[in-house]
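Overview (structure and organization)
The primary structure of each chain is shown beneath.
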Amino acid sequence: MMREIFSFTVAGKIIFGQGAFDRLVDCVKEMGKKNPFIVIDNGLLKTGIERRLSELFSRHACGFSLFDKIAGEPPIEIADEAALMASEKKADLIIGIGGGSAMDVAKAAAVLVTNGGNAEDYLGLNKVPGPGLPKIMIPTTAGTGSEVTFTSVFIRRDLKKKEGINSPFLYPEMALLDPLLTLSVPPEITAATGIDALCHAIESYISISASPASEMISSEAIGLISSNLRTAVHNGADTQARESMMLGSLYAGIGLANAGVTAVHALSYPLGGRYGISHGLANTVLLPSVLRFNLPGAMEKLAAIAEMTGEVCENMSVREAAFLAVEGIEELIWDCGVVSTLETLGIKKEDFADLADAALTVTRPLANNPRKISRQNAMDIYEDAF
Ligand code: NAD
């Protein structure tokens, strides 16, 4: 059988391993940069990371500026603010340290410094005219995979929705991943961000835009995340589980960048935009319901996911194995302590129609979904997750 032509892109250089953070200044020097601008999650400051940064940079006689205003998922204006400060500081490199929120701001700021304008001008696909300042992304959650994607996601408070800048110029030149940075992530955030990573892995695997290369990396991510998430949540000091989770979220991010996500993300965006529910939690609550809906459109792939997640599928039909995969994922979410439903999150049934309308505008992920979704289907999925 002749394969369709496919392409596969990976962000610049990836450095991975326990203690890799200590190499940061070497990386800055390797890139020939002298004046880095660091965009950091404010919540991280209590972990002592600022002191560590000061020690690292002063040891190498190198300075840096810090932008530490990221607290929660970012409104779009904060990218403009970060870019303005980076320009004033004459930054020659942008470093993002944090979860997806800080990294997304850092990536957008890098292209705003060189291209001018406001972040709002570049929402959508391929709207950024040219390259930005070079970027190093350092994730501290295992998580979004933003360190290897071409996307920055923002909340538009005026429109009560989330929207993204999607451009090849957002691909980080370097991703520096140190699993030890995730040791301080509390259990509930480990669970929600970990299941977000599992969503990226599963959604990119079942996406109709998947290629053999993306399927290979997404399936590896599904295995790593499903077999390590429980330990990372319940015994957060287990460095082996943290390392596997970070590797899994990295692979899931690469899968997502190449094959896209599907209806879970499309239906979850309005929950973030309208109700302020965190990205990871919104995806977690919707994942089983969307997969149940997708069963008839992705039977073979869901059956394969049952094997990847360690279900015993001997003597089972493809259909039975596919159903078992969805059950297993529901159990994993439960075991990680996420017992929320849309109802417990305060969503009102009478909002389902508006939420469905908003979800249907998130067209790129919906186009990747293995089963076409109507407005009524979207409302039914919200009902199922209620
Ligand atoms: P986050 O960055 O908002 O962080 C969640 C919480 O974890 C925050 O309170 C933060 O202070 C805390 N935290 C982060 N690292 C910590 C650490 N090491 N120790 C203790 N606390 C820590 O959450 P996230 O899920 O990583 O990112 C969510 C954002 O990323 C959303 O805006 C989402 O839309 C976006 N996103 C982007 C992409 C992409 O490709 N760019 C993909 C998926 C999601």
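Everything numeric here is computed off the predicted structure, so don't read it as measured data.

1. Quick look at the overall build of the protein chain
- Looking only at helices and strands, one finds 14 helices and nine strands in the protein chain.
- Relative to the globule expectation of 21 Å for 386 residues, the C-alpha radius of gyration of the protein chain, 20 Å, shows essentially globular dimensions.
- Split into buried and exposed, the 386 residues of the protein chain put 56% on the buried side.
- The contacts in the protein chain between residues at least 6 apart in sequence include a share of 79% that link residues at least 24 apart.
- As presented, the protein chain carries roughly 15700 Å² of accessible surface, and 52% of it is formed by carbon and sulfur atoms.
- Once the 33 positive and 46 negative side-chain charges of the protein chain are each reduced to a mean point, those two points are 6 Å apart.

2. Things to note about the sheet that holds strand β9 (residues 174-177)
- Judged by pairing direction, the sheet is parallel, and its six strands sit side by side in the order β1-β9-β6-β4-β2-β3 without closing on themselves. Each edge of the sheet is formed by a strand with only one pairing partner; in this case those strands are β1 (13-16) and β3 (65-70). Ignoring strand direction, the axes of neighbouring strands in this sheet form an average angle of 15°.
- Strand direction decides the pairing type here: strand β4 (residues 93-98) and strand β6 (residues 135-139), joined by five bridges, are parallel. Across the sheet, residue G96 finds its bridge partner in β6, namely M137.
- Helix-sheet contacts for helix α7 (residues 239-259) involve β1, β6 and β9, and the interaxial angle to β1 is about 165°.

3. What to know about the domain arrangement of the protein chain
- Here the protein chain is described as being made up of domain 1 (13-182) and domain 2 (187-385).
- Tallying the contact residues gives 26 residues for domain 1 and 25 residues for domain 2.
- Across the domain 1 to domain 2 interface the summed buried area is about 2200 Å²; carbon plus sulfur atoms make up 63%.
- Three residues, F16, A142 and K162, lead the burial of domain 1 against domain 2; their summed loss comes to 25% of the area buried on that side.
- The tally of links between domain 1 and domain 2 comes to six residue pairs in polar contact (both at pLDDT 80 or more).
- Secondary-structure elements contributing two or more residues to the side of domain 1 that touches domain 2 are β1 and β8 (161-166).
- Ranked by residue count, the leading element in the side of domain 1 that touches domain 2 is β8, at three residues.

4. Considering the environment of K301
- By the element assignment, K301 lies in helix α10 (residues 299-308).
- Along the backbone, K301 and E331 are 30 residues apart, and their C-alpha atoms lie at a distance of 19 Å.
- Excluding anything up to four places from it in sequence, K301 contacts Y205, I206, S207, A210 and E215.
- From its side chain, K301 meets the backbone oxygen of Y205 in a polar contact 2.7 Å long.

5. Details of the packing of helix α6 (residues 212-234) against α7
- Closest axis-to-axis distance for the α6/α7 pair is 7 Å, and the angle between their directions is 150°. The two elements α6 and α7 cross, and the hand of that crossing is left-handed.
- Residue classes in the contact of α6 with α7 are distributed as 13 nonpolar, nine polar and two charged.

6. Considering the nonpolar core
- Counting residues in hydrophobic clusters, the biggest one holds 76 residues, and the most contacted among them are L267, L271, I305 and Y382.
- Per-element tally for this core: the top contributor is helix α5 (residues 187-206), with nine residues.
- Split by domain, this core shows at least three residues from each of two domains, domain 1 (13-182) and domain 2 (187-385).
- Setting aside its immediate chain neighbours within four residues, L267 contacts L286, A359, A378, I381 and Y382.
- One finds F67, A102, M103 and A110 within the second-largest nonpolar core, a separate group that totals 30 residues.

7. Quick look at the pairing of strand β7 (residues 151-156)
- Counting buried residues along β7, six of its six residues qualify, which places the element largely inside the surrounding structure.
- Relative to β8, β7 runs antiparallel, the two sharing six bridges. Of the residues in β8, the one forming a bridge with V153 is G164.
- In this antiparallel pair of consecutive strands, β7 and β8, the connection spans four residues, and K160 shows a positive phi of 55°.

8. A few points about the packing of aromatic side chains
- A full pass over the atoms with the stated rule returns five aromatic pairs.
- For the ring pair F57 and F64, a centre distance of 4.9 Å and an interplane angle of 45° mean the geometry is tilted.
- Both rings, one in F352 and one in F386, keep their centres 5.7 Å apart while their planes meet at 80°; by these two values the pair is edge-to-face. A residue pair is termed long-range when its members are at least 10 positions apart, and F352 in helix α12 (residues 352-360) and F386 in the segment after α14 (375-384) qualify at 34 residues.
- Three or more aromatic residues joined by ring pairs make a cluster, and in this case those are F352, Y382 and F386.
- It is R371 that lies over the ring of F293; its NZ or CZ is 4.0 Å from the centre.

9. Focus: the site of the ligand
- In the neighbourhood of the ligand, 25 residues make up the surrounding shell, with D41, S101, D104, T140 and T149 lying closest.
- One nitrogen or oxygen atom from the side chain of D104 is found 2.8 Å from a nitrogen atom belonging to the ligand.
- Computed on the free molecule, the ligand has an accessible area of 870 Å², of which 89% lies beneath the protein chains in the complex.
- Among the elements of the structure, α4 (100-115), β7 and α5 are those that each provide at least two residues to the shell around the ligand.
- The greatest single-element share of the shell around the ligand, amounting to four residues, is contributed by α4.
- Grouping the amino acids of the shell around the ligand by side-chain chemistry returns six nonpolar, 14 polar and five charged.

Rules and cut-offs
- Residues numbered from 1 in each chain as written.
- Predicted model: local features only at pLDDT ≥ 70, side-chain atom pairs only at ≥ 80, totals over all residues.
- Heavy atoms only, no water.
- Helix = DSSP H or I, 4+ residues; strand = E, 2+ residues; numbered from the N terminus.
- Rg over C-alpha atoms; globule rule 2.2 N^0.38 Å.
- Buried < 20%, exposed > 50% of the residue type's maximum accessible area, 1.4 Å probe, protein only.
- Contact = heavy atoms within 4.5 Å.
- Areas by Shrake-Rupley, 256 points an atom, 1.4 Å probe, with all protein chains shown as cover.
- Lys, Arg positive; Asp, Glu negative; His and termini not counted.
- Charge placed at Lys NZ, Arg CZ, Asp CG, Glu CD.
- Pairing = 2+ DSSP bridges.
- Axes fitted to C-alpha atoms, helices over the stretch in contact; angles between N-to-C directions.
- Domains from an automatic or database assignment.
- Buried area = accessible area lost by both parts, 1.4 Å probe.
- Polar contact = N/O pair within 3.5 Å; in protein donor to acceptor, adjacent residues only side chain to side chain.
- Left-handed = near helix turned anticlockwise from the far one by under 90°.
- Nonpolar A, V, L, I, M, F, W, Y, C, P; charged D, E, K, R; others polar.
- Core = buried A, V, L, I, M, F, W, Y, C linked by side-chain atoms within 4.5 Å.
- Phe/Tyr/Trp six-rings, centres within 6.5 Å; stacked < 30°, edge-to-face > 60°.
- Lys NZ or Arg CZ within 6 Å of the ring centre and 35° of its normal.
- Near = heavy atom within 4 Å.

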